[in-house]
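Commentary on secondary and tertiary structure
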Amino acid sequence: MYAKIETERLLYIRLNQTELRSEQYIHLRDAIVNDGNVNPNELGRMAILPSTFTGSPRHMHEYAQDAMTYVPAYGRPEMFVTFTSNPTWNEIKELLLVGQSSSDRHDITARVFKQKLKCLMDFIIKHHVFGETRC
């Protein structure tokens, strides 16, 4: 279902480029074509993903810029924490029906991940594991 929804979102973006004001990105288009390493005939049909499309380069750039707004007030980040999901967590296995695997129920995996991430953040912040949290 996720793939179907994502395909529909991408199709909408591709078919509504003018309504999404992608025509205003003329400099971006010129940079791609005038790069010298790119043959415009090999590009296919170009569609510019808006920053509202989750996971697009513009979306990720916006997140990075938002994170950097904290630097003047709180200083540079001191650590980078990566937290990944484990499909064999007991919380996930308990909610699966007989014969199901975690890959069959992405909703359960995502929900458990979100809960565990919130618990981790609460633990780090409230128990001062890495010292006092400034932001």
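If you're wondering where the values come from, they're calculated on a predicted model, not measured in any experiment.

**A closer look at the confidence of the model for the protein chain**
On average, residues of the protein chain carry a pLDDT of 83, and 81% of them reach 70 or more. Ranking the elements of the protein chain by mean pLDDT puts helix 2 (residues 26–33) last with 58 and helix 5 (residues 90–95) first with 94.

**A word on the nonpolar core**
In this structure, Trp-89, Ile-92, Leu-96, Ile-108 and Val-112 together form the largest nonpolar core, which totals 5 residues. The contacts of Trp-89, once residues within four sequence positions are left out, are Phe-83, Thr-84, Val-112, Phe-113 and Lys-116.

**Examining the side chain of Thr-109**
Relative to the helices and strands, Thr-109 resides in helix 6 (residues 106–126). A distance of 3.5 Å separates a polar side-chain atom of Thr-109 from the backbone oxygen of Ser-102. Those residues in contact with Thr-109 that sit more than four places away from it in its chain are Ser-85, Ile-92 and Ser-102.

**Describing the pattern of salt bridges**
Scanning all chains against the criterion turns up 5 salt bridges. Where Glu-91 meets Lys-116, a salt bridge forms, and the shortest distance between an N and an O atom there is 3.3 Å. In this pair, Glu-91 sits in helix 5 while Lys-116 sits in helix 6, placing the two residues 25 residues apart along the sequence. Under the relative-accessibility criterion, Glu-91 is labelled partly exposed at 36%. Accessibility expressed as a relative area gives 25% for Lys-116, which makes it partly exposed. Linking Asp-122 and Lys-118 is a salt bridge whose minimum nitrogen-to-oxygen distance equals 3.3 Å. Of this pair, Asp-122 and Lys-118 are both found in helix 6, 4 residues apart, which corresponds to roughly one turn of the helix.

Quick notes on the rules
Residues numbered from 1 in each chain as written. Predicted model: local features only at pLDDT ≥ 70, side-chain atom pairs only at ≥ 80, totals over all residues. Heavy atoms only, no water. pLDDT = per-residue confidence, 0-100. Helix = DSSP H or I, 4+ residues; strand = E, 2+ residues; numbered from the N terminus. Core = buried A, V, L, I, M, F, W, Y, C linked by side-chain atoms within 4.5 Å. Buried < 20%, exposed > 50% of the residue type's maximum accessible area, 1.4 Å probe, protein only. Contact = heavy atoms within 4.5 Å. Polar contact = N/O pair within 3.5 Å; in protein donor to acceptor, adjacent residues only side chain to side chain. Salt bridge = Lys/Arg side-chain N within 4 Å of Asp/Glu carboxyl O.

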